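# Secondary and tertiary structure notes
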Amino acid sequence: MLNQKLAVAVAEAVKALYQQDVKPEDVQIQRTRKEFEGDLTVVVFPFTKAAKKPPQEIGEEIGNYLKENIQEIENFNVIKGFLNICFELDYWMEFLRQCLLEKNYGLAEKIQKDNPVVVEFSSPNTNKPLHLGHVRNILLGWSVAEIIKASGRAVKKVNLVNDRGIHICKTMLAWEKWGKGVTPAKAEKKGDKFVGDYYVQFEKQNKLEVKQKMLEGYSEEEAANRSGLMKEAREILKKWEQGDEETRALWEKMNAWVYKGFDKTYKRMGIAFDKIYYESDTYLLGKELVEEGLSKELLKRREDGSIWADLSDEGLDEKLLIRADGTSVYMTQDLGTAQLRYDDFKPGKLLYVVGNEQNYHFDVLKIVLKKLGKDYADDIYHISYGMVELPHGKMKSREGTVVDADDLMDEMHDSAKAITSELGKIDEFTEEEAEALFEKIGMGALKYFILKVDPKKNMLFNPDESIQFDGHTGPFIQYTYARIQSLQRKAREKGFKKPYLTKKSSITEMLPRERQIMKNLQDFSEVIRLAAEAYSPAQLANYIYELVKEYNGFYQDTPVLREEDEEKLLFRLGLSEMTGKVIKSGMDLLGIAVPERM
RNA sequence: GGCUCCGUAGCUUAACUGGAUAGAGCAUCUGACUACGGAUCAGAAGGUUCGGGGUUCGAAUCCCUGCGGAGUCACCA
């Protein structure tokens, strides 16, 4: 792109003028800020040392050099140490004409097939329904994967279901005790909710029992250990590990209920996976890896039989990998999963979208894998995202402040319905069409609200505010898109056909706003690249917003179809169409649908 | 307490990774509809970028320090 060309030319200029070697990639080029005239800006401060001249003068000299060597440059100006460069109109018109012809403007043309990037996200437990925290995780994972794909690399989306462990045994016990015979179908409940209720019930009953034991004089810890319910749950876990048929059957039955429920939620969110891993399948492989490490004396066994990794070389403690009773821990399972995933895909990168409370865990995972001689450990990257907080603090199941994913989506849908109905713009829609639209708007609002925030940061989810559709929101963007589509329908009625720009345009000037939109459009692929590199859908989300804001300003006070000069009219139509295209494919990468009307 | 991360308008947040006068949205106030869709636009007001030092042409960004918050330091996952 022109960006590249410019960087190379600047490096040449510096070499020719000041005999200093600069790599093109080190040349600082940025978008010219709105307040100044120009399209791209070269920062010249870094050359002051070699040039031994004031920045203003350097800017002039480099500017002249560039103008002579790059024909697309129309003129330039220098303000302080900033060299602002303007491209000529022809360049921009040609750019617009070309990208209107492209089918997938901005997206990578070829996908590099080998060594895909494997992205793990969602990773639910099977004892609880999905909640707001999962929603952020899922949206991030999906979007990061899509963005990476758009930047030119093959991607595999995978899920890791934590389907075994004491927590599942608790729900199994609770169901046997208090719900035997009842099924989600009979109870008319979503499977994951149904099972989750038994988990809650277990905890409740167990708490009562522990309290009772404490009244009998036991300490809290002791009381917890002596709880009959806990004993029974542990008994089930043991049976499960021994492969007891009856236990396994019940486990499978209840998990199946949960998956059915999850599937519904995933489907509504627009999410699918290429492969789903289950910890019940991977923990044994993890154990094997540990045994192997032990035999190679990379790990050590204590007297009680437990196995540890000594990480003191890395400044960390020792880490348990296998308990004395031979059972595995979280880390063991993750070792197995990593290996399995590596064997499955031979990936170039292994990404894990997991909350930042597990930063330490992933540091250790990498180190242990490395210790076991697994080179792919270097390709593991933890996309660590911040917690979702509520206006009154964290989500706590004990305090009933967990925001359920399904409920949340329902709420968003209902708000979309209320607001849309009030505006009365879709009265001619069938009921089915209307419902589909409410879903698009509601989900768009929810997804955008979450994705626009930098993943690394903790974010505040204010339920009241999130369903407002004004300002920096998904529906604002969707609205702009719908408007552009409306404009194009009108154009069609008036007999204008695509492609709008077939020959060289004869218009002689662009409005500042038009130019601004062009610059934004041109940045699209670069934004995708940067967002992919930073694993940050937020960068893309904010870019789309800027483009849309700029377009709305243009639309408000610039005639398109009412324009009398047909050349101008066609140009503006093309500009609008292109803006719509970028909105659509950008939003698509965020997992957000845009409506033709709203 | 050790380690890690964070602190930007009343609130929610941006800032191209060290660049120009810190940019938006919400809320507040003012203005714009016989409309190519007002779920819009234009404008006003709102900032010692937590405090204090330092590094340099230049700091919200890097270093030191103090304060405040979060996470983690499990034979839970």
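Residues numbered from 1 in each chain as written. Chains lettered and ligands numbered in written order. Predicted model: local features only at pLDDT ≥ 70, side-chain atom pairs only at ≥ 80, totals over all residues. Heavy atoms only, no water.

### As for the protein's contact with RNA strand B
The full set close to RNA strand B counts 64 residues, and Arg323, Lys425, Thr558, Arg562 and Met598 are the nearest of them. Interatomic distance of 2.7 Å between a side-chain N/O atom of arginine 33 and a phosphate oxygen of RNA strand B. In this structure, threonine 420 approaches RNA strand B through a side-chain N or O atom, which is 3.3 Å from a base nitrogen. Class assignment of the residues belonging to the surface near RNA strand B gives a composition of 28 nonpolar, 19 polar and 17 charged. (Near = heavy atom within 4 Å. Polar contact = N/O pair within 3.5 Å; in protein donor to acceptor, adjacent residues only side chain to side chain. Nonpolar A, V, L, I, M, F, W, Y, C, P; charged D, E, K, R; others polar.)

### So, the packing of helix α8 (residues 191–215) against helix α10 (residues 228–242)
The N-to-C vectors of α8 and α10 enclose an angle of 130°; their axes lie 8 Å apart at closest approach. By the angle between their axes, α8 is oblique relative to α10. Contacts between α8 and α10 pair Phe202, Gln205, Asn206 and Glu209 from the former with Gly228, Leu229, Met230 and Ala233 from the latter. (Axes fitted to C-alpha atoms, helices over the stretch in contact; angles between N-to-C directions. Helix = DSSP H or I, 4+ residues; strand = E, 2+ residues; numbered from the N terminus. Parallel < 35°, antiparallel > 145°, perpendicular 65-115°, else oblique. Contact = heavy atoms within 4.5 Å.)

### Quick word on the layout of surface pockets
In this structure, the second largest pocket spans a volume of roughly 1,400 Å³. Forming the boundary of the second largest pocket are 48 residues, of which Asn3, Gln522, Asp523, Glu526 and Val527 lie nearest the centre. Within the residue set of the lining of the second largest pocket, elements represented by two or more residues are α1 (2–18), β1 (29–31), α4 (89–101), α19 (512–534) and α20 (537–557). Ranked by the residues each element gives to the lining of the second largest pocket, the list is headed by α19, at 12 residues. (1 Å grid on protein atoms, 1.4 Å probe; cavity = no way out; pocket = protein on both sides within 12 Å on 5 of 7 lines; lining within 4 Å. Points joined across faces, edges and corners; volume = space filled by probe spheres on them.)

### A look at the pattern of salt bridges
Tallying each qualifying case throughout the model produces 36 salt bridges. With its nearest N and O atoms 2.8 Å apart, the salt bridge here joins aspartate 39 to arginine 515. With aspartate 39 in the loop between β1 and β2 (40–43) and arginine 515 in helix α19, the pair connects residues that are 476 residues apart, well separated along the chain. Here glutamate 318 and arginine 302 are joined by a salt bridge, their closest N and O atoms 2.9 Å apart. Of the two residues, glutamate 318 is situated in strand β10 (residues 318–322) and arginine 302 in the loop between β8 (300–301) and β9 (307–310); the sequence distance between them amounts to 16 residues. You can call glutamate 318 partly exposed: its relative accessible area is 31%. Three or more residues joined by partner-sharing salt bridges are found here, namely Lys190, Asp192, Lys193, Asp404 and Asp406. (Salt bridge = Lys/Arg side-chain N within 4 Å of Asp/Glu carboxyl O. Buried < 20%, exposed > 50% of the residue type's maximum accessible area, 1.4 Å probe, protein only.)

### What about the sheet that holds strand β12 (residues 380–385)?
Strand order in the open sheet formed by 5 strands is β7-β6-β5-β11-β12, with parallel pairing between adjacent strands. Looking at strand neighbours, the two that pair on one side only are β7 (275–278) and β12, the edges of this open sheet. In this sheet, adjacent strand axes meet at a mean angle of 25° when their direction is disregarded. Sheet topology places strand β11 (residues 349–355) next to β12; 6 bridges connect them, and they run parallel. Pairing of glycine 355 across the sheet is with tyrosine 385, part of β12. (Pairing = 2+ DSSP bridges.)

### Brief notes about the domain arrangement of chain A
Assigned domains within chain A: domain 1 (2–87), domain 2 (164–272) and domain 3 (413–589). Relative placement of domain 1 and domain 3: their C-alpha centres are 33 Å apart. Taken residue by residue, the interface counts 7 residues in domain 1 and 6 residues in domain 3. Across the domain 1 to domain 3 interface the summed buried area is about 630 Å²; carbon plus sulfur atoms make up 27%. Looking only at domain 1, the three residues that lose the most surface to domain 3 are Arg31, Lys34 and Asp39, adding up to 73% of its buried area. Where domain 1 meets domain 3, there are 4 salt bridges. The tally of links between domain 1 and domain 3 comes to 6 residue pairs in polar contact (both at pLDDT 80 or more). (Domains from an automatic or database assignment. Buried area = accessible area lost by both parts, 1.4 Å probe.)

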